[in-house]
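An overview of the molecular structure
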Amino acid sequence: MNGFGSSASGAAAPVGAVRRRAVLDALRRGAVPESGLDLLATGLGRFEQAVDEELDAVAAGGSVFKAVRGEYGSGKTFFTRWLGERAKRRTFAVAEVQVSETETPLHKLETVYRRLTERLSTASFPPSALRPVADAWFYALEEDALADGSGEEKLPQAVDRLLTARLAEVSRHAPAFATALRGYKQSLDAGDEATAAAVMAWLGGQPHVAAAARRSAGVRGDLDHFGAFGFLQGLLTVLRDAGHAGLILVLDEVETLQRVRSDARDKALNALRQLIDEVHSGRFPGLYLVITGTPAFYDGQQGVQRLAPLAQRLATDFTTDPRFDNPRAVQIRLPGFTEESLVGLGSTIRDLYAEGSQSPDRIKQLADDAYLTDLARAVGGALSGKVGVAPRLYLKKLVGDVLDRIDQFDDFDPRTHYRLTVASGDLTATERNFAAPAPAASADDLDLDL
């Protein structure tokens, strides 16, 4: 799991109890909150204007590709969820897909599409929002048909004509998408819920759908790599007609490609290049595609640089002072944490916690900025001084070990009663690597018990 956004300082207006609890519960677990990120994200202000301009362009029928780079703990997952929250307020749908060799290999776009539909969410519906979106689309078609003067008795035929017209472009590439939607609606109208659910699963790219349901809808087989592009195009059309401005699709942790077999890696990099080209060609109006990865993925020979055409598409100048990075560039970097910015984020969390506490003054007194600084240094020390990878663990310890105890025990003082301990179970695999003792530089550095 990546870390959190860059520095934030000071909570803003009073926050509702439900939102506050959701954020603090996630931090207590060592996770990036699913929502409420605006409470923590004042340090992302430098990206706001560019992001809003890009969202406006996508809502107007354009498409955008963005690559986010940052070391572990720099806030890549935080940034993409912040972007998703911002987009949902503009009626976008959002899907966050974790790329992995076994579960979601990038070179199998049919699997990526399936994960997309499983993770699809809107401001009104959690994952998977695929069926509610389809239902809203059919409702919109019925409303349009009635507005055009169709009577109730001829409504099904009018809706079918609108369906054919709206998906005409999609049907040139993926005729099965429109066919399946038509079969879904017919199953619903016939009161056959089981078949409707099965057809919707097939539309979502799920394999092994019952043959009887597929025959009923007039489709065959399972979705393949090439059909996935057409299905994505169809989904974007349905989202737009159902009242959504577009889709934010996040492909997170793409750097995992560096660890797969070379043949699978080459296929995945080429699939990514192909997907980027399709976005830039205008095939996917309403799509904002984001990938995240480490600098090693973008700059190393086991990543993007392995495929020259992909490297050219992502090339961005990062030789200047990070203060002058261009937020409009195809690739943006998150600078990561310093001790100062980590303490600033801790201060924001402390103040957010205090708002919901029965003893806010005590919270702020015992976990003052000096103590937050000491805790940041202790956590950084446990990770071999790597403050930049510490935010996840720092916030987990701050909320779960310090603030919760101050809030519940009147005589608890973190300076007296708490000593930071970092067990192996507290750490992710990457954090354990940082916590491991550095290898000896020479034989003289080895401490032998003779």
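Keep in mind that what you see is a predicted model, and the values were worked out from it rather than measured.

**Looking at the confidence of the model for the protein chain**
On average, residues of the protein chain score 87 in pLDDT, and 88% of them reach the 70 mark or higher. pLDDT under 50 marks residues 1-12. Its contacts with residues more than four places away, or in other chains, come to 55 contacts. Of the regions scoring below 50 in pLDDT, residues 438-450 engages in two contacts with residues more than four places distant in sequence or in other chains.

**Some words on unusual backbone geometry**
Here the bond from Pro127 into Ser128 is cis, since omega is -10°, no more than 30 degrees from zero. With respect to the helices and strands, the residue Ser128 is situated in the loop between helix H4 (109-119) and helix H5 (130-147). Of note in the backbone geometry, His208 takes a positive phi value of approximately 65° without being a glycine. Examined against the element boundaries, His208 turns out to sit in the loop between helix H9 (193-203) and helix H10 (211-217). His208 sits in the exposed class, given a relative accessible area of 75%. Its identity is not glycine, yet Glu253 carries a phi of approximately 60°, on the positive side. Within the secondary structure, Glu253 is located in the loop between strand E3 (247-252) and helix H12 (262-281).

**Considerations on the nonpolar core**
Residues Leu106, Leu116, Phe177, Leu181, Leu247, Leu251 and Leu287 are the most contacted members of the largest nonpolar core, which totals 73 residues. With eight residues, the single largest contributor to this core is helix H11 (residues 225-241). Among residues more than four places away in sequence, those in contact with Leu116 are Ala95, Val97, Leu232, Leu235, Leu247 and Leu249. Counting residues in hydrophobic clusters, the runner-up holds 58 residues, among them Leu40, Val94, Ala245 and Tyr353.

**Notes on helix H3 (residues 76-88)**
Across its 13 residues, H3 extends 18 Å between first and last C-alpha, which sits within 8% of the 18 Å expected from 1.5 Å per residue. In terms of residue burial, H3 counts as a mostly covered element, since twelve of its 13 residues are buried. If you follow the buried residues of H3, they end up packed against helix H2 (45-59), strand E1 (64-69), strand E2 (93-98), E3, strand E4 (287-293) and strand E5 (331-333).

**Considerations on the pattern of salt bridges**
Counted by the stated rule, this structure contains 34 salt bridges. A salt bridge links Arg415 to Asp368; the shortest N-O distance between them is 3.0 Å. With Arg415 in helix H19 (residues 414-417) and Asp368 in the loop between helix H16 (360-366) and helix H17 (369-382), this residue pair connects regions lying 47 residues apart in the sequence. You can call Arg415 partly exposed: its relative accessible area is 43%. Connected via shared salt-bridge partners are Glu48, Asp52, Asp56, Arg86 and Arg90.

So, how was this worked out
Residues numbered from 1 in each chain as written. Predicted model: local features only at pLDDT ≥ 70, side-chain atom pairs only at ≥ 80, totals over all residues. Heavy atoms only, no water. pLDDT = per-residue confidence, 0-100. Contact = heavy atoms within 4.5 Å. Helix = DSSP H or I, 4+ residues; strand = E, 2+ residues; numbered from the N terminus. Buried < 20%, exposed > 50% of the residue type's maximum accessible area, 1.4 Å probe, protein only. Core = buried A, V, L, I, M, F, W, Y, C linked by side-chain atoms within 4.5 Å. Expected span 1.5 Å × (residues − 1). Salt bridge = Lys/Arg side-chain N within 4 Å of Asp/Glu carboxyl O.

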